[in-house]
Amino acid sequence: MRLKLIASVLFIAMTISVNLQAQPVKKHGNLSVKGIQLTDEHGNATVLNGISYGWHNWWSQFYNKESVKWLASDWKCSAVRAAMGVEPKGGYVDSPESSKEKIEAVIQGAIDNDIYVLIDFHSHNIRLPEAKAFFTEMATKYGQHPNVIYELFNEPVKDSWSQVKEYSVELIKTIRAIDPDNIILVGSPHWDQDIHLVADDPIVGYNNIMYTCHFYAGTHGQSLRDRCDYALKKGIPIFISESAGMEASGDGPMNYTEWQKWIDWCQSNKISLITWSISSKNETCSMIKPGVSPLGNWKEADLNESGIKTRELLRKQTEKNE
Ligand code: MG
């Protein structure tokens, strides 16, 4: 009898804790941009914190609903980023159907688990016809869901701001003809570092547009934050759609001092922050150890140092932002 009683108490406790899982989309609903601030449908400033999956063409095993559920419930992500590799073998140009299937598993996982999702066209070069076809499909299929955020261009490398701007405006027109309101993220030149160039010549005439800056704290410090501050002062809404604590190569030691400065900067400016990445290469930024199940349910022993620290950070941030 006593065992039965303990079992039912445990069951009730577990049910309550599952029900207490944050439901960011239920809480915040449709997002918009007011001035430089990401804002929810009740008019409150909103900060999203989450994780980026690694390139889908190399880490396709992690693109499943179970891992999204785990990142939402245990890591307390309010957003995940589906990074659709475009140019490498197995990417969107090479295999559009299998690429979409992977990305859509994460999108559907995010919808099912009530978190936001960045649909990231993970390219380093302009691929306008492919991007148009892709975002036309995504906006048609998912544009009515408040969960969805479109990211047009992971990181431009050699293209100038005027080229990136022209590409982005074409895609904004394409998406807006189908979906009038979901947030659209625009890349800035030179691996999303040159946000000062965006600030001097922003896109005008469209709603709910933000610009991405990426940092790797082992490489990028105060001078990049100065550029961001310059952009914010000029009215440019910023979203950090990729970042991490080590060098820009994704490897090398964590720089905790500089990483904390970035986290504090994001917190004080109410800027959303996504960390890179769910993958399992033997390198600092790959958070999951090689050989571990891709379906979530990860114990601390399944994560490397950056995974453990990022999970801690996310759980803390979510507490602060709720
Ligand atoms: Mg919409």
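Refer to the preceding data block for the structure.
Residues numbered from 1 in each chain as written. Predicted model: local features only at pLDDT ≥ 70, side-chain atom pairs only at ≥ 80, totals over all residues. Heavy atoms only, no water.

1. Side note on the overall build of the chain
Part 1 of the argument: Across its full length, the chain carries eleven helices and ten strands.
Part 2 of the argument: Relative to the compact-globule value of 20 Å for 322 residues, the chain shows a C-alpha radius of gyration of 19 Å, a close match.
Part 3 of the argument: Seen through its C-alpha atoms, the chain measures out along the principal axes to roughly 75 × 45 × 40 Å.
Part 4 of the argument: For the chain, buried positions account for 55% of its 322 residues.
Part 5 of the argument: Long-range contacts, defined here as pairs at least 24 residues apart, represent 75% of the contacts in the chain between residues at least 6 apart.
Part 6 of the argument: As presented, the chain carries roughly 13,900 Å² of accessible surface, and 54% of it is formed by carbon and sulfur atoms.
Part 7 of the argument: Across the chain, 33 positive and 39 negative side-chain charges occur, with their mean positions spaced 6 Å apart. (Helix = DSSP H or I, 4+ residues; strand = E, 2+ residues; numbered from the N terminus. Rg over C-alpha atoms; globule rule 2.2 N^0.38 Å. Buried < 20%, exposed > 50% of the residue type's maximum accessible area, 1.4 Å probe, protein only. Contact = heavy atoms within 4.5 Å. Areas by Shrake-Rupley, 256 points an atom, 1.4 Å probe, with all protein chains shown as cover. Lys, Arg positive; Asp, Glu negative; His and termini not counted. Charge placed at Lys NZ, Arg CZ, Asp CG, Glu CD.)

2. Re the environment of histidine 220
Part 1 of the argument: With respect to the helices and strands, histidine 220 occurs in the loop between strand 8 (209-216) and helix 9 (222-233).
Part 2 of the argument: Taking the C-alpha atoms as reference points, histidine 220 and isoleucine 183, separated by 37 residues in sequence, lie 26 Å from one another.
Part 3 of the argument: Every residue in contact with histidine 220, bar those within four places of it in the chain, is listed here: Gln193, His214, Phe215, Ala248, Glu258 and Trp262.

3. Digging into helix 11 (residues 305-321)
Part 1 of the argument: For helix 11, built from 17 residues, the straight-helix expectation of 24 Å at 1.5 Å per residue is met to within 8% by its first-to-last C-alpha distance of 24 Å.
Part 2 of the argument: Among all positions in helix 11, only Ser306, Gly307, Thr310, Leu313, Leu314, Gln317 and Thr318 are buried. The arc that holds the buried residues of helix 11, viewed along the axis, is 130°, so those residues lie on one side. Turned more than 90 degrees from where helix 11 packs its buried face, Lys316, Glu319 and Lys320 sit exposed.
Part 3 of the argument: Taken together, the buried residues of helix 11 touch strand 3 (49-53), helix 10 (256-269) and strand 10 (273-278).
Part 4 of the argument: You can read the cap of helix 11 off the contacts: a side-chain oxygen lies 3.1 Å from the backbone nitrogen of serine 306, and it is on asparagine 304. (Expected span 1.5 Å × (residues − 1). Arc of directions from axis to C-beta. Polar contact = N/O pair within 3.5 Å; in protein donor to acceptor, adjacent residues only side chain to side chain.)

4. Regarding the environment of serine 32
Part 1 of the argument: Take serine 32: it is sitting in strand 1 (residues 32-34).
Part 2 of the argument: Taking the C-alpha atoms as reference points, serine 32 and lysine 270, 238 residues apart in sequence, are found 14 Å from one another.
Part 3 of the argument: Here lysine 34 takes part through its side chain, which lies 2.9 Å from a polar atom of the side chain of serine 32.

5. Notes on the pattern of salt bridges
Part 1 of the argument: Counted under the stated rule, the structure contains 17 salt bridges.
Part 2 of the argument: Close ionic contact of glutamate 242 with arginine 81 constitutes a salt bridge, the shortest N to O distance being 3.0 Å. With a gap of 161 residues between them, glutamate 242 in strand 9 (residues 238-244) and arginine 81 in strand 4 (residues 79-85) connect regions that are remote in the sequence. Of the two residues, glutamate 242 and arginine 81, both sit in the buried class.
Part 3 of the argument: Through salt bridges with shared partners, one network takes in Arg81, Asp120, Glu151 and Glu242. (Salt bridge = Lys/Arg side-chain N within 4 Å of Asp/Glu carboxyl O.)

6. Considerations on unusual backbone geometry
Part 1 of the argument: For the peptide bond that leads from tryptophan 276 to serine 277, omega is 0°, which places it in the cis range.
Part 2 of the argument: Among the secondary structure elements, serine 277 is positioned in strand 10.
Part 3 of the argument: A positive phi is found at aspartate 114, a non-glycine position, where the angle reads about 60°.
Part 4 of the argument: Here aspartate 114 shows up in the loop between helix 4 (96-112) and strand 5 (116-122).
Part 5 of the argument: Assessed through its relative accessible area of 13%, aspartate 114 is described here as buried.
Part 6 of the argument: With a phi angle near 60°, asparagine 297 is a residue other than glycine that sits in the positive phi range.
Part 7 of the argument: Relative to the helices and strands, asparagine 297 is located in the loop between strand 10 and helix 11.

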